[in-house]
Amino acid sequence: MVGVYVSNSSRKEHHYQEMEEAGEIRERPTEVVVHKVEAPPLRTSLSKMKLRLKETFFPDDPFRCFEGQPLKTKWALAAKYLFPILGWAPNYSLSLFKSDFISGLTIANSSFVPPLVYAVLGSSRDLAVGPVSIASLIMGSMLRQAVNPSADPLLFLQLAFTSTFFAGLFQASLGIFRLGFIIDFLSKATLVGFMAGAAIIVSLQQLKSLLGIVHFTNQMGLVPVMSSIFHRTNEWSWQTVLMGICFLVFLLLARHISLKRPKLFWVSAGAPLACVILSTLLVFLFKAQNHGISIIGKLKCGLNHPSWDKLLFDATYLGVVMKTGLVTGIISLTEGVAVGRTFASIKDYQVDGNKEMMAIGLMNIVGSCTSCYVTTGAFSRSAVNHNAGCKTAMSNVVMAITVMVTLLFLMPLFVYTPNVVLGAIIIAAVLGLIDIPAAYHIWKMDKIDFLVCLCAFLGVIFISVQDGLAIAVGISICRILLQTTRPKIVVLGNIRGTEIYRDLQQYKEARRIQGFLILAVEAPINFANTIYLKERVRRCIEEENVVEHEQAALQFVILDLSAVFTIDTSGIASLIELKKSMEKRGLELLFINPNGEVMEKLQRANNVHNFLGVDSLYLTIGEAVLSLSSLAKVSP
């Protein structure tokens, strides 16, 4: 009998001596050295806690550039870290300004102060900040539950500014305390469903302007909105409908052209302004306001006064504004950070997520004190900014100046602008948020994710914006908990001619090893899944015994712990119980490749309970099988 054995195992040495004395073998097996499973270097509990906190709150290690630098350089680096404008402003040139100037003019919107704040504090070169439809929708729908904007516009304005303040405070806090991982609970599926539902709700709300309805519901759900539309057919204006459809088709056609030919991005970017100018001229020339076309009316020139005196912290409305600020803050922050990272990857530069949170948060805090409601970086506006050739955040400064000039001198030009055109512009903008290909891709990839997407979509449409979002997030969290409590455990087999072991169900060429049950645990082991782990292993043993009933009896159970990156005391206790249970059945339980933390805790537990035998730990499955096969007289 010629095989393999482990040269450093006293147990095997004694076994072979007995076989030699009994005359069972004439020649010792070929010697193969089995690699030892090393314990991690000793570290104090304090050092391990510091490392864990660092990886949790500072995964990007933002302070590494300060190491070994003189004090003056450290102060300069700190200033650049807090104010990213100091990184690009000293080397700013006229050629860069030309590109930023064109981009800034292209993306000009109704926001004035926030873009200036972001230009100083933001780290993205492409992000164009301003009001976005989703945040506007959420804020409007949530605040309407507390006050009617038509009945008390001043109170509604106060609540909007206060909600913006709390949104900014929450966003800045996430950045300051390095808690950005919280927004990761808004998965791709959640956002796709939520934005699609929100886009439909926003579009339905604009039917008031598109149809010329005067008395319209304040509710946001699909049923009350449709009921209000068909109960007010007597208020429909054919002139308004005709104008609205014409301009909506024009806007959608411009958007289609820009999507098909990216070089013509300016067609979609300039279409809303062209609609406003053309419709205003038509109303003025034909006196359309006298024929059922509703117009904006007289607008005051000048910049809005500071609004810090309008922040309302009254106990009656404090709960509403805090909840509104929390929801709008999370949504706008998620969109802003995601958009910034998207364009940063295209241009191959880094965007610091936590700095973006601080920048967006402080931008909204300042905005709430300067008559602005919640703002962030919108994907469509940032895409236009990117395509227009922006080079730095200076494009936001140009945009702010353009808005300021408009507010100071050009407001009288919009007196005859029809409301129906503004409704058409909003509908055309939000329809781009309905991403049907993304939803189809989610359906093909993961049915549970599609369920999350569908719940967000239906919840927003039929219940409310915040409830739909909460339902989707709740399902996502339940899925994470389910994955934690029910970890994946697979049975491995050997691919013949190699020392590779893979999932028997995934790899048809993989074969079982007689006498061995090889299991891979592909999740952390903790108090939430220890019961399931033990039951799953026992079930696998019973199934293996059925398979090997007419073959070699099962002798070894191998647990591959390579994917188990952490384990708690309950997990260690379950492994000890499992090993003792195996021994009562005449089976030997072995552990493969425990990583640093798992190995350290196994050693500490072994010092107390002495449950690890001489051959309980191996570095690879192949070494374990080769070593134990010769001892058990089982041929792999």
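About the cut-offs
Residues numbered from 1 in each chain as written. Predicted model: local features only at pLDDT ≥ 70, side-chain atom pairs only at ≥ 80, totals over all residues. Heavy atoms only, no water. UniProt positions renumbered as here; feature names shortened; annotations may be inferred. Domains from an automatic or database assignment. Patch = residues over 30% accessible without salt bridge, like charges linked within 9 Å, V, L, I, M, F, W, Y side chains within 5 Å. Areas by Shrake-Rupley, 256 points an atom, 1.4 Å probe, with all protein chains shown as cover. Salt bridge = Lys/Arg side-chain N within 4 Å of Asp/Glu carboxyl O. Helix = DSSP H or I, 4+ residues; strand = E, 2+ residues; numbered from the N terminus. Buried < 20%, exposed > 50% of the residue type's maximum accessible area, 1.4 Å probe, protein only. Expected span 1.5 Å × (residues − 1). Contact = heavy atoms within 4.5 Å. Phe/Tyr/Trp six-rings, centres within 6.5 Å; stacked < 30°, edge-to-face > 60°. Lys NZ or Arg CZ within 6 Å of the ring centre and 35° of its normal. Core = buried A, V, L, I, M, F, W, Y, C linked by side-chain atoms within 4.5 Å.

- The name given to the protein in an unreviewed UniProt entry is STAS domain-containing protein, with the source organism recorded as Ananas comosus var. bracteatus.
- Of the protein, the UniProt comment under Subcellular location (unreviewed entry) reads exactly: "Membrane".

## Looking at the domain arrangement of the protein
Inference 1: When cut into domains, the protein gives domain 1 (91-479) and domain 2 (487-633).
Inference 2: For domain 1 and domain 2, the distance between their C-alpha centroids amounts to 54 Å.

## Quick look at a nonpolar patch on the surface
Inference 1: A contiguous nonpolar patch, built from Leu-273, Ile-277, Leu-278, Leu-281, Leu-282, Phe-284, Leu-285 and Phe-286 and spanning about 810 Å² of accessible area, is present on the exposed surface.
Inference 2: Within the secondary structure, Leu-273 sits in helix α13 (residues 265-286).
Inference 3: The exposed category is assigned to Leu-273, whose relative accessible area is 52%.

## Thoughts on helix α18 (residues 419-431)
Inference 1: End to end, α18 covers 19 Å across 13 residues, agreeing with the expected 18 Å (1.5 Å per residue, within 8%).
Inference 2: Of the positions making up α18, those classed as buried are Val-420, Val-421, Gly-423, Ala-424, Ile-425, Ile-427, Ala-428 and Val-430.
Inference 3: Along its buried surface, α18 packs onto α7 (133-144), α9 (188-205), α10 (207-211), α12 (238-260) and α13.

## Some words on the packing of aromatic side chains
Inference 1: By the definition in use, this model includes eight aromatic pairs.
Inference 2: Ring geometry for Phe-165 against Phe-166: centres 5.7 Å apart, planes inclined by 80°, an arrangement best described as edge-to-face.
Inference 3: When its relative accessible area of 18% is taken as the criterion, Phe-165 is described as buried.
Inference 4: Judged by centre distance (6.4 Å) and plane angle (50°), the ring pair of Phe-230 and Trp-236 falls under tilted.
Inference 5: Phe-230 sits in the exposed class, given a relative accessible area of 52%.
Inference 6: The exposure class of Trp-236 is partly exposed, given its relative accessible area of 36%.
Inference 7: Clustering of aromatic rings is evident, with ring pairs tying together Phe-165, Phe-166 and Phe-313.
Inference 8: Sitting over the ring of Phe-284, Lys-287 keeps its end group 5.1 Å from the ring centre.
Inference 9: Between Lys-447 and the ring centre of Trp-443, over which it is positioned, the NZ or CZ distance is 4.5 Å.

## A word on the nonpolar core
Inference 1: By size, the foremost hydrophobic cluster in this structure holds 32 residues, and its most contacted members are Leu-517, Leu-519, Ile-541, Leu-559 and Phe-591.
Inference 2: When contributions to this core are tallied by element, the ones reaching two or more residues are β5 (489-495), β8 (516-521), α22 (530-547), β9 (556-560), α23 (569-584), β10 (588-592) and α24 (596-609).
Inference 3: Ignoring any residue separated from it by four or fewer positions in sequence, one finds Leu-519 in contact with Ile-489, Val-490, Val-491, Val-537, Cys-540, Ile-558, Leu-559 and Asp-560.
Inference 4: One finds Ile-138, Cys-453, Val-465 and Leu-469 within the second-largest nonpolar core, a separate group that totals 28 residues.

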